[in-house]
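Chain by chain, the residues run as shown.
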Amino acid sequence: MTYTLGVDLGTTASAAAVLRDGSLEPCELGEASLTVPSVVLPRDDGRTLIGDAAALHGGVDAVREVRRLEPGAAGREPHEPMGLLLDAIVEQVAAAEGGRPDRVVLVEPATHADAAHRPYVRVAADFAGESPLVPAPVAAAAVLDLHHGLVPDTTVGVLDLGGELCEATLVRRTTAGFDVVGRPG
């Protein structure tokens, strides 16, 4: 069973989608939801709870908004809870799909406001043994291209209505892929 898994570790919620044979399908991660809260609870028994379960059972011990965690907060470096969240999502999807993905692509923050956190996303990907990273607006444009076929030199506006920020980015389709036009913000 071959498939690629795309994961977006958002500030307040995380999402994933499976790409198989040119078809992209979102994954159900939460309780009857396509997203899961970006909350992690590492347990003493080695298991990691994520999302609603982590928030419900973790109380103040649950690590929330893992992408915004500052170094040393909650007694951890930022990449650790992000890596645990990523690993738990990969395992959850693998269980639903009947096997691990051949490749995992992780969406990385695009804006200058998130620049300080980009290195932690890279380390989280390494921590979980996953890569490569794709800027969030490029991932969105690639999905649009997959469904509608963008021709080279087409520019699209990507609006990300996140849980914490609203970000806008222009992305241009090139013959080789996509370029971010200007500075996202």
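This write-up is about the structure you can find in this document.

## Some points on the sheet that holds strand β5 (residues 39-42)
The strands making up a sheet are joined through hydrogen bonds of the backbone, oriented either antiparallel or parallel.
Then step 1. The antiparallel open sheet is built from three strands, whose spatial order is β6-β5-β7. Lying at the two open borders of the sheet, with one neighbouring strand each, are β6 (48-50) and β7 (63-64).
Then step 2. The sheet contact formed by β5 and β6 spans three bridges and is antiparallel. Its bridge partner being in β6, Leu 41 is matched across the sheet by Leu 49.

## Comments concerning the environment of Val 39
Then step 1. Note that Val 39 resides in strand β5.
Then step 2. Taking relative accessible area as the criterion, Val 39 reaches 7% and is therefore assigned buried.
Then step 3. On a C-alpha basis, the gap between Val 39 and Met 82 in space is 9.2 Å, while along the polypeptide they are 43 residues apart.
Then step 4. Apart from the residues lying within four places of it in its own chain, the contact partners of Val 39 are Leu 49, Ile 50, Gly 51, Ala 54, Ala 55, Ala 62, Val 63, Arg 64 and Leu 85.

## A short note on unusual backbone geometry
Then step 1. Backbone geometry places Asp 21, a non-glycine residue, at a positive phi of 55°.
Then step 2. With respect to the helices and strands, the residue Asp 21 is situated in the loop between β2 (13-20) and β3 (23-26).
Then step 3. The class of Asp 21 is exposed, set by a relative accessible area of 77%.

## As for helix α4 (residues 136-148)
Then step 1. An ideal rise of 1.5 Å per residue puts 18 Å on 13 residues; α4 measures up with 18 Å between its terminal C-alpha atoms.
Then step 2. Within the span of α4, buried status applies to Pro 137, Val 138, Ala 141 and Asp 145. Buried positions in α4, seen along its axis, are confined to an arc of 95° and lie on one side of it.
Then step 3. Tucked into the core, α4 has its buried residues touching β9 (133-135), β10 (155-161), β11 (166-173) and β12 (178-181).
Then step 4. In the stretch just after α4, Gly 149 is the one whose phi turns positive, near 65°.

## Topic: the nonpolar core
Then step 1. Residues Leu 5, Val 7, Leu 9, Ile 89 and Val 93 are the most contacted members of the largest nonpolar core, which totals 25 residues.
Then step 2. Contributing elements (two or more residues each) for this core: β1 (4-9), β2, α2 (79-97) and β8 (103-108).
Then step 3. The element contributing the most residues to this core is α2, with nine residues.
Then step 4. Apart from residues no more than four positions distant in its own chain, Val 7 is found in contact with Ala 15, Ala 16, Leu 86, Ile 89, Val 104, Val 105, Leu 106 and Val 107.

## Observations concerning the pattern of salt bridges
Then step 1. Scanning all chains against the criterion turns up four salt bridges.
Then step 2. Put simply, Arg 43 and Asp 45 hold a salt bridge, and the shortest N to O gap is 3.0 Å.
Then step 3. The partly exposed category is assigned to Asp 45, whose relative accessible area is 48%.
Then step 4. The shortest N-O distance in the salt bridge between Glu 91 and Arg 100 comes to 2.3 Å.
Then step 5. For Glu 91, a relative accessible area of 37% translates into the label partly exposed.
Then step 6. By relative accessible area, which is 42% here, Arg 100 ends up partly exposed.

Cut-offs used in this document
- Residues numbered from 1 in each chain as written.
- Predicted model: local features only at pLDDT ≥ 70, side-chain atom pairs only at ≥ 80, totals over all residues.
- Heavy atoms only, no water.
- Pairing = 2+ DSSP bridges.
- Helix = DSSP H or I, 4+ residues; strand = E, 2+ residues; numbered from the N terminus.
- Buried < 20%, exposed > 50% of the residue type's maximum accessible area, 1.4 Å probe, protein only.
- Contact = heavy atoms within 4.5 Å.
- Expected span 1.5 Å × (residues − 1).
- Arc of directions from axis to C-beta.
- Core = buried A, V, L, I, M, F, W, Y, C linked by side-chain atoms within 4.5 Å.
- Salt bridge = Lys/Arg side-chain N within 4 Å of Asp/Glu carboxyl O.

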